[in-house]
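# Residue-level structural notes
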Amino acid sequence: MPADVRLPHPFDPLSKEEIEAAIAIIKKAHGDNLLFNVISLQEPRKAQMTAWLENPASALRPVRVADVVVICPDGKVCDGLVDLQKGTITSWEELDGLQPIITVEELQMAEHVVRKDPRVIEQCKISGIAEEDMDKVYCDPWTIGYDERWGNKTRLQQALMYYRPDVDDCQYQYPLDFCPIFDPIRKEIIHIDIPKVRRPLSKVPAINYHPAGVQKQGGFRSDLKPINITQPEGVSFKMTGREIEWQNWKFHIGFNYREGIVFNNITFNDKGTERPIFYRLSLVEMVVPYGNPEHPHQRKHALDIGEYGAGYMTNSLSLGCDCKGAIFYLDAEFPTRAGGIRTIKNAICIHEEDNGILFKHSDFRDDSVIVTRARKLIIQQIFTAANYEYAIQWIFHQDGTIQPDIKLTGILNTYSMNPDEDTNGWGTQVYPGVNAHNHQHLFCLRIDANVDGPKNTIFAIDAVQAEAPVGSPGNYYGNAFYAQRTKLATVGQAKTEYSSATMRTWDICNTNKLHPYSGKPSSYKLVSREIPGLMPKPGSLVWKRAGFARHAVHVTKYRDDELWPAGRHVPQTSGEQEVGLLKWSADESESIDNEDVVLWHTFGLTHFPAPEDFPVMPAEPITLLLRPRHFFSNNPVMDVPPSYCITPSQVAAKAQGVGPAFDKNSAYAKPEKTCGSCHGENGTNGTTDGAH
Ligand code: ABN
Ligand code: CU
């Protein structure tokens, strides 16, 4: 091999060439007319990968393996593995009663069929739409979720129907009241769900968020001055292939059709020692259950990551819009159904941002002060799940914190309502004739822990009052409180909920490594406060299908291929068989004490829509933190150069007329002479002598 050809890192997503090679091998063995659903990296087995990471020069390099899902012309589904080194299929299995992920191409098929179907045309007429206007009828095809009338042998979609009087109109303001069921293999409508109470098409004038729509409502505001972000000396991170190094962090950035961004081998260089923190980190599932009990709205509960794929639905990001500043992009490569390649340019963006104050202290006696500014590294993808947009930012902080930060925007899913109709509390009229149903957005974060090594233990930490009563010798004044640490020693004990009353957090600890001062184990703390319980009741369809959402935290012992908590093939699961996390956590007596563990965390929000969310939602953030605790000797960011520092002795010297003149007001107030401009804003100047 020529020296300049870089071997893929074993965590790298399959390249275009590797996907093409897998397709050629499969076609040769199984024929030309297969539909390619998934061709994705089967991640290396952990034991082998760990050995290679420890010793890449001499350990066996993990082989590149393609994980394959195909749909045969008759609708049969096969799972396979292709060894890309040997060029052979190493496993091939025909599945029964399992439906694989829906691809974007499949989503685009339903609308054409819907518009031509005579029964749909008839329903449109009943709604008040003339046959010649069928080109203004649209549908968002969702997987059927699960419907007991058809089960899971046939691949089915439910077409949520809308009307767009003008092609530029936001369609979600004109929902239609019926729901065709579409078979994407036979390419036909097999049924239409029609409600007992009919809701004709709304005739209310359109409200739109595009420039012409805004113009109609008074036009754009004109008082905004430009904000430009410049990094004249370039960025402070370094990419080697898909491995990034930034401010002591080092990790690999992967991407797949399903989870989108996947981080592997996250380490932090602590004064020369590269310390492992997480082996793998990603968002592995989500569920958006809607709360209207009338048939067929119970089917509206999207498991967007397992049913549609955060990778497959990823946007191509653009500079100055999705991200501002000096941006590094990574593309994504997927197969098409026919066996070609679909490239998403700029699927991931990587950049730095100023992040306010990292730390500050001033002494009230003499105004001596140190103030150090922070910056953050953002690794972002944005995906569109039909109506909703999810902007997923993975934020890395200089102090060792990782902050997954999700912004929800896009458009509410809507249903029609008559002018005099009561929503019964299951939704809100956000615009005349538009009922936006109550719903939740629950995400599942998978943390494959590696805090100072693979053997970790999880503790729940609760702030509690001392048991001793007021007036007793141990708590005479009644003010005592402490952090109660509860070891979650088994899979059963680890099924835990959030408590805001006790500010519950979960510590991922290495109990084999105690901090020299605190005596506590080296740990990473999960600080997450937006954790609503699953609203669908125990025993409900959603509760069964989205078992991961039953608890805020599950912990399992690591096993290869236990990645996706709602199962490998999610569309049309009934929830009757325990798959995914339910299966992996079924043995509640299994020990997870000082083991290689995976923590599964479900968080999110319950959304009661309001008119401010319409016709497009201002982004709503959800965030959580993974913070080092008892991990570093002390504050790990004292070596970040301050933006400004004057010590008490420097203040005193100045007061006695010794040393340079110092005019705090001018330093802070005059734009041409800010403290940043004379103290090395770019971090090049370090501590200063107050020489203003
Ligand atoms: N939110 C459900 C969904 C996602 C993508 C495409 C269609 C529907
Ligand atoms: Cu919402």
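Residues numbered from 1 in each chain as written. Chains lettered and ligands numbered in written order. Predicted model: local features only at pLDDT ≥ 70, side-chain atom pairs only at ≥ 80, totals over all residues. Heavy atoms only, no water.

Take the UniProt feature "modified residue: 2',4',5'-topaquinone" (unreviewed entry) in the protein chain next. In this structure's numbering, the residues bearing the UniProt feature "modified residue: 2',4',5'-topaquinone" (unreviewed entry) are Tyr388. Along the polypeptide, Tyr388 turns up in strand E18 (residues 388–397). Taking relative accessible area as the criterion, Tyr388 reaches 2% and is therefore assigned buried. Other than its neighbours up to four places away in sequence, Tyr388 contacts Tyr290, Phe383, Thr409, Gly410, Ile411, Leu412, His439, His441, His607 and Met617. Of the polar contacts made by the side chain of Tyr388, one reaches the side chain of His441; its length is 3.3 Å. (UniProt positions renumbered as here; feature names shortened; annotations may be inferred. Helix = DSSP H or I, 4+ residues; strand = E, 2+ residues; numbered from the N terminus. Buried < 20%, exposed > 50% of the residue type's maximum accessible area, 1.4 Å probe, protein only. Contact = heavy atoms within 4.5 Å. Polar contact = N/O pair within 3.5 Å; in protein donor to acceptor, adjacent residues only side chain to side chain.)

Moving on, we come to unusual backbone geometry. For the bond running from His295 to Pro296, omega is 0°, close enough to zero to count as cis. With respect to the helices and strands, the residue Pro296 is situated in the loop between strand E13 (273–289) and strand E14 (301–302). Residue Gln247 is not a glycine yet carries a positive backbone phi of 45°. Looking at the secondary structure, you find Gln247 in the loop between strand E10 (243–246) and strand E11 (249–256). Relative accessible area serves as the criterion here: at 31%, Gln247 is assigned to the partly exposed category. Of note in the backbone geometry, Lys271 takes a positive phi value of approximately 50° without being a glycine. Along the chain, Lys271 turns up in the loop between strand E12 (260–270) and E13. On the basis of relative accessible area, Lys271 is assigned to the exposed category, the value being 73%.

Looking now at the pattern of salt bridges. Evaluation of the coordinates by the stated rule reveals 45 salt bridges. As a salt-bridge pair, Arg64 and Glu18 come within 2.8 Å of each other at their nearest N and O atoms. Here the residue Arg64 occupies a position in the loop between helix H2 (46–54) and strand E2 (65–71), and Glu18 occupies one in helix H1 (residues 16–30), the gap between them amounting to 46 residues. Here Lys407 ties to Asp405 by a salt bridge, and the two come within 3.1 Å at their closest N and O atoms. Here Lys407 falls in the partly exposed class, since its relative accessible area comes to 29%. (Salt bridge = Lys/Arg side-chain N within 4 Å of Asp/Glu carboxyl O.)

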